[in-house]
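Spelled out from the first residue to the last, the chains are:
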Amino acid sequence: MAGQLRGRNRRLKRIPYSRQCIDQDDIDAVVEVLKSDFLTQGSKVPEFEAAVTQYVGAKYGIAVSSGTAALHVACLALEIGPGDRVWTSPISFVASANAALYCGAEVDFVDIDPDTFNMSVSCLAAKLYEAARVGTLPKALIVVHMAGASADMQQIAALAASYDIAIIEDAAHALGGHYQGRPVGCCQYSVITCFSFHPVKSITSGEGGMAMTNCPQLAERMQLFRSHGITRDRQKMNRDDGPWYYEQQVLGFNYRMSDIHAALGISQLRKLDGFISKRIALASQYRDALVDLPLCLPVFSADSAWHLYVIRVKSATRRELLYQHLKRQGIDVNVHYIPVAVQPFYAIGADVPNAENHYSAALSLPLFAELSDDAMERIIGCLTRFDW
Ligand SMILES: *Cc1c(COP(=O)(O)O)cnc(C)c1O
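Along every chain, residues carry numbers that run from 1 in the direction the sequence is written. In view of the model being predicted, local features appear only for residues whose pLDDT reaches at least 70, and side-chain atom pairs are presented and counted only at 80 or more, with totals across whole chains, interfaces and linings using the full set of residues. Excluding hydrogens and water, the side-chain figures rest on all heavy atoms present in the structure.

### Brief notes about the overall build of the protein
A run of DSSP states H or I qualifies as a helix once it reaches four residues; a run of E qualifies as a strand once it reaches two. Both are numbered from the N-terminal end. A tally of regular secondary structure across the protein gives 13 helices and 13 strands. Radius of gyration (C-alpha) of the protein: 22 Å, near the 21 Å computed for a compact globule of 388 residues. Taken over 388 residues, the protein has a buried fraction of 53%. Within the protein, residue pairs in contact and separated by at least 24 positions form 71% of the contacts whose partners lie at least 6 positions apart. Counted as positive: Lys and Arg. Counted as negative: Asp and Glu, with His and the chain ends omitted from the count. We put the charge of a Lys on NZ, of an Arg on CZ, of an Asp on CG and of a Glu on CD. Of the side-chain charges in the protein, 36 are positive and 40 negative, and the distance between the mean point of each set is 7 Å. For the radius of gyration, the atoms used are the C-alpha atoms, and the globule rule reads 2.2 Å times the number of residues raised to 0.38. Under the scheme applied here, a residue whose accessible area is under 20% of the maximum for its type counts as buried, over 50% as exposed, and between as partly exposed, the area being computed with a 1.4 Å probe on protein chains only. Residue contacts are counted whenever heavy atoms from the two residues lie within 4.5 Å of one another.

Encoded structure:
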């Protein structure tokens, strides 16, 4: 009976491609807020903002209800609207592009570098040159740090500056990662950097996001857009009817983060460095174990936050067989990403062959801080036994 149960449990135990790591401190932090006076608009949100701001070395952090909301308020703060163009990477989650569409802008895609999966500097240079010639330059770039490794921000920023284009970093994958020795999020090469705290990301607040900036005006505008466009700052108002008075100045949203979410985020942030070290160790374990298989492994870097471990298989047919092989063994692999440019909703005929090649062969292996040695052994065993 016991043996039978163990057997069944073993069969049922799936290995997810990613998942959150929650401990008793996280639970206690959330319960403490639930017992307090404020579930939202209390002290935890500013405390979380201060903690992330200090961690990444930026001046301001605006906590919002999701990473997508962070990208949206970032675009709004930059006054992106109808008639503007925004370029982003096709190998990303749809949110990177959607944020610009919410503002009424047009979206186009810069192809990726096949080795890093990030926006290609040479494709960007060529596309900017052509757009300048025909008068279709974008107002902003949303640069994605795919899988947790920073894009080549110095070169991208130099190109953008020469055409007077703003840069937003979509760092949903990259909290805890570094670029040129500094934390991603310090905004050295961008005006705004956006993080996500969805459960599969470096740390979680349940749902949540944050927009980092060093510019006080942008910070103020993002705060306004986060909460209906309402200000209570008497210096900024057009009139003053009395102490109850607040004023709506732009059309904003309710994108506030609750204190329940922020408390979880604060508790998680204390463990971020440990989570990243574990992810780096797992990535290097994958590299060592898979090096002799007929695969293309991701470039190893200790600067990456290792959000995803994306391998590329020899062909689309092999990828599908491997996907099914691993799924059958209870290993949840995934494909990151279906190029946004070829989503039927977007289908704008963007010329992104590197992104399409990537999509046809990419497979994300399980990677998260609490991936156990047993699970790792099982995954590597399954990969080794696959009929390559
Ligand atoms: C997760 C993610 C987002 C959106 O974050 P949410 O918190 O889920 O809204 C945006 N961009 C990328 C690249 C992501 O992976």
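### Some points on the site of the ligand
Near residues are defined by distance, with any heavy atom within 4 Å of the molecule or strand qualifying the residue. Every one of the 14 residues lining the ligand counts as a neighbour, but Thr68, Asp170, His173, Ser196 and Lys201 are closest to it. With respect to the ligand, the side chain of Lys201 contributes an N or O atom lying 3.0 Å from an oxygen atom. Out of a free accessible area of 380 Å², the ligand has 93% covered by protein chains. Placement of the ligand is best described as lying within the second largest pocket. Note on residue classes: Ala, Val, Leu, Ile, Met, Phe, Trp, Tyr, Cys and Pro are nonpolar, Asp, Glu, Lys and Arg are charged, and everything else, Gly too, is polar. Among the residues forming the shell around the ligand, the class breakdown is four nonpolar, eight polar and two charged. Counted as a polar contact is a pair of N or O atoms within 3.5 Å, where, for protein atoms, one must be capable of donating a hydrogen and the other of accepting one, and residues adjacent in sequence contribute only when both atoms are in side chains. Every accessible area reported is derived by Shrake-Rupley at a probe size of 1.4 Å, with residue values counting cover from the shown protein chains alone. In this analysis, the protein atoms alone were mapped onto a 1 Å grid. Cavities are point sets where a 1.4 Å probe fits without being able to get out; pockets are open sets with protein on both sides within 12 Å along at least five of seven lines; lining residues have an atom within 4 Å of a point. Put plainly, a molecule is in a cavity or pocket when over half of its atoms are within 2 Å of the grid points there.

### Points about the layout of surface pockets
Grid points are joined across faces, edges and corners, and a volume is the space filled by probe spheres set on the points. Its boundaries defined by the atoms lining it, the largest pocket holds a volume of some 610 Å³. Lining the largest pocket are 23 residues, and of these Gln223, Leu224, Arg226, Ser227 and Ile230 sit closest to its centre. Listing elements by their share of the lining of the largest pocket, those giving two or more residues are helix H3 (44-56), helix H8 (216-226) and strand E10 (230-231). Of the residues that constitute the lining of the largest pocket, the class distribution is six nonpolar, eight polar and nine charged. Of the voids in this model, the second largest pocket is the one considered here, and its volume is about 510 Å³. Lining the second largest pocket are 29 residues, with Phe93, Val94, Ala95, Lys201 and Tyr337 positioned closest to its centre. Elements with a minimum of two residues in the lining of the second largest pocket: helix H4 (67-77), helix H5 (95-102) and strand E8 (192-196). Among the residues forming the lining of the second largest pocket, the class breakdown is 14 nonpolar, twelve polar and three charged.

### Some details on the nonpolar core
Grouping buried Ala, Val, Leu, Ile, Met, Phe, Trp, Tyr and Cys residues that are joined through side-chain atoms within 4.5 Å yields what is termed a nonpolar core. Within the largest apolar cluster, 54 residues are counted, with the highest numbers of intra-cluster contacts made by Phe48, Phe195, Tyr286, Tyr309, Leu326, Leu365 and Leu371. Breaking this core down by element, the ones donating at least two residues are H3, strand E9 (209-213), helix H9 (259-269), helix H10 (272-290), strand E12 (309-312), helix H11 (316-328), strand E13 (362-365) and helix H13 (373-385). Among the nonpolar cores identified, the runner-up in size contains 49 residues, and Ile62, Leu78, Val86 and Tyr346 belong to it.

### Observations concerning the confidence of the model for the protein
Looking at the protein as a whole, the pLDDT averages 96, with 97% of positions reaching at least 70. Within the model, pLDDT remains below 50 along residues 1-5, and this stretch shows zero contacts once partners closer than five positions in the same chain are excluded. Values of pLDDT, the confidence the predictor places in each residue, fall between 0 and 100.

### Some thoughts on empty space enclosed by the protein
Here the structure, examined in full by the defined rule, presents two cavities of 30 Å³ or more. The volume enclosed by the largest cavity comes to roughly 100 Å³. As for the largest cavity, its lining consists of 13 residues, and the residues nearest its centre are Glu169, Tyr179, Pro183, Cys186 and Tyr189. What the second largest cavity holds in volume is close to 70 Å³. Per-class residue counts for the lining of the second largest cavity are five nonpolar, four polar and three charged.

### A short note on the packing of aromatic side chains
Note on aromatic contacts: the rings of Phe and Tyr and the six-membered ring of Trp form a pair at centre separations within 6.5 Å, being stacked when their planes are under 30 degrees apart, edge-to-face when over 60 apart, and tilted otherwise. A full pass over the atoms with the stated rule returns nine aromatic pairs. When the ring of Phe109 is compared with that of Tyr346, the centres are 5.7 Å apart and the planes differ by 80°; the resulting orientation is edge-to-face. With a gap of 237 residues between them, Phe109 in strand E3 (residues 106-109) and Tyr346 in the loop between H11 and helix H12 (353-361) connect regions that are remote in the sequence. Grouping residues by exposure puts Phe109 and Tyr346 together as buried. Relative to Tyr255, the ring of Phe253 lies with its centre 5.0 Å away and its plane at 10°, an arrangement referred to as stacked. On the basis of relative accessible area, Phe253 is assigned to the partly exposed category, the value being 28%. Given a relative accessible area of 16%, Tyr255 falls into the buried group. Among the aromatic residues, those joined into a cluster by ring pairs are Tyr286, Phe300, Trp306 and Tyr309. Note on criteria: charge over ring means Lys NZ or Arg CZ within 6 Å of the ring centre, with the direction from the centre no more than 35 degrees off the ring normal. Over the ring of Tyr359 we find Arg319; its NZ or CZ atom is 5.6 Å from the centre of that ring.

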